[in-house]
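Report on the structure
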Amino acid sequence: MDAKKRLLIVAHAPSPNTLTLRDAAVQGARHEDIENVEVTVLAPLDAGPEDVLACDAIILGTTENLGYMSGALKDFFDRSYYPCLEKTQGLPFAYFIRAGHDGTGTNRAIESITRGLRWKRIQEPLICRGEYQVAFEYQCRELGMYVAASLDAGLV
């Protein structure tokens, strides 16, 4: 049997709603039909380059703070960028943003950093805009399931 693939979820979840979104992504990634994927969930301040180097794909999650990603996710990128730059090119990734406004600045920042890392985005960004909706939970669950199932099937 092949070794399990490793999916890393690094999500900033400072509120009950964002924690629910992170947990929904985890629930999707751990769907019972996905057999060969091990999911690791870390807060950005607890994750580092060693976690990225050990994974086969990554899902990022952040709040929109003052038109930008959370400081915690930015800190994760600051600590991980150079140690991962030459070693994780092509890393499959996806992300979700909990945006009280439009998420444009946050999206642009994540795109810029991941483009520099030469990671491979495998899903359009999920931007959960405006007032909180239960539908966001479904969308995050689907995102987690999509990434994990793609990894499980060897598509990424």
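Here is what the cut-offs are and how they apply
- Residues numbered from 1 in each chain as written.
- Predicted model: local features only at pLDDT ≥ 70, side-chain atom pairs only at ≥ 80, totals over all residues.
- Heavy atoms only, no water.
- Helix = DSSP H or I, 4+ residues; strand = E, 2+ residues; numbered from the N terminus.
- Rg over C-alpha atoms; globule rule 2.2 N^0.38 Å.
- Contact = heavy atoms within 4.5 Å.
- Core = buried A, V, L, I, M, F, W, Y, C linked by side-chain atoms within 4.5 Å.
- Buried < 20%, exposed > 50% of the residue type's maximum accessible area, 1.4 Å probe, protein only.
- Pairing = 2+ DSSP bridges.

**A short note on the overall build of the protein chain**
Assigned secondary structure in the protein chain consists of 5 helices and 7 strands. Reading the secondary structure of the protein chain in the N-to-C direction produces β-α-β-α-β-β-α-β-α-β-β-α. Whereas a compact globule of 156 residues would reach a radius of gyration of roughly 15 Å, the protein chain reaches 14 Å, a difference of no more than 12%. C-alpha atoms of the protein chain, sized along the principal axes, occupy 45 × 35 × 25 Å.

**A few points about the environment of Cys-140**
Relative to the assigned elements, Cys-140 resides in helix α5 (residues 134-152). For the pair formed by Cys-140 and Leu-21, sequence separation is 119 residues and the distance between their alpha carbons is 6.1 Å. Apart from the residues lying within four places of it in its own chain, the contact partners of Cys-140 are Leu-21, Ala-24, Ala-25, Phe-96, Leu-126 and Cys-128.

**Thoughts on the environment of Val-156**
With respect to the secondary-structure elements, Val-156 resides in the segment after α5. Sequence separation between Val-156 and Cys-84 is 72 residues, and the spatial gap between their C-alpha atoms is 19 Å. Among residues more than four places away in sequence, those in contact with Val-156 are Pro-92, Ile-122, Ser-150 and Leu-151.

**Regarding the nonpolar core**
If you look at the biggest cluster of nonpolar residues, it comprises 25 residues, and the most contacted ones within it are Ile-58, Leu-60, Phe-76, Phe-77 and Trp-119. If you list the elements that add at least two residues to this core, you get β1 (5-11), β3 (57-65), α3 (71-85), β5 (92-99) and α4 (104-117). Ranked by residues supplied to this core, first place goes to α3 with 5 residues. Discounting chain neighbours no more than four positions away, the residues touching Phe-77 are Leu-60, Met-69, Ile-113, Thr-114, Leu-117 and Trp-119. Of all hydrophobic cores here, the second largest spans 24 residues; its members include Ile-9, Val-39, Phe-96 and Leu-126.

**Looking at the pairing of β3**
Of all 9 residues in β3, 8 are buried, a share of seventy percent or more. For β3 and β5, the ladder comprises 6 bridges, and the chain directions are parallel. Each bridged residue has a counterpart across the sheet, and for Ile-59 the counterpart in β5 is Ala-94. With 2 bridges joining them, β3 and strand β4 (residues 68-69) adopt antiparallel strand pairing. Paired with Glu-64 across the strands is Met-69, a residue of β4.

As far as function goes, none of this settles anything; it's purely spatial.
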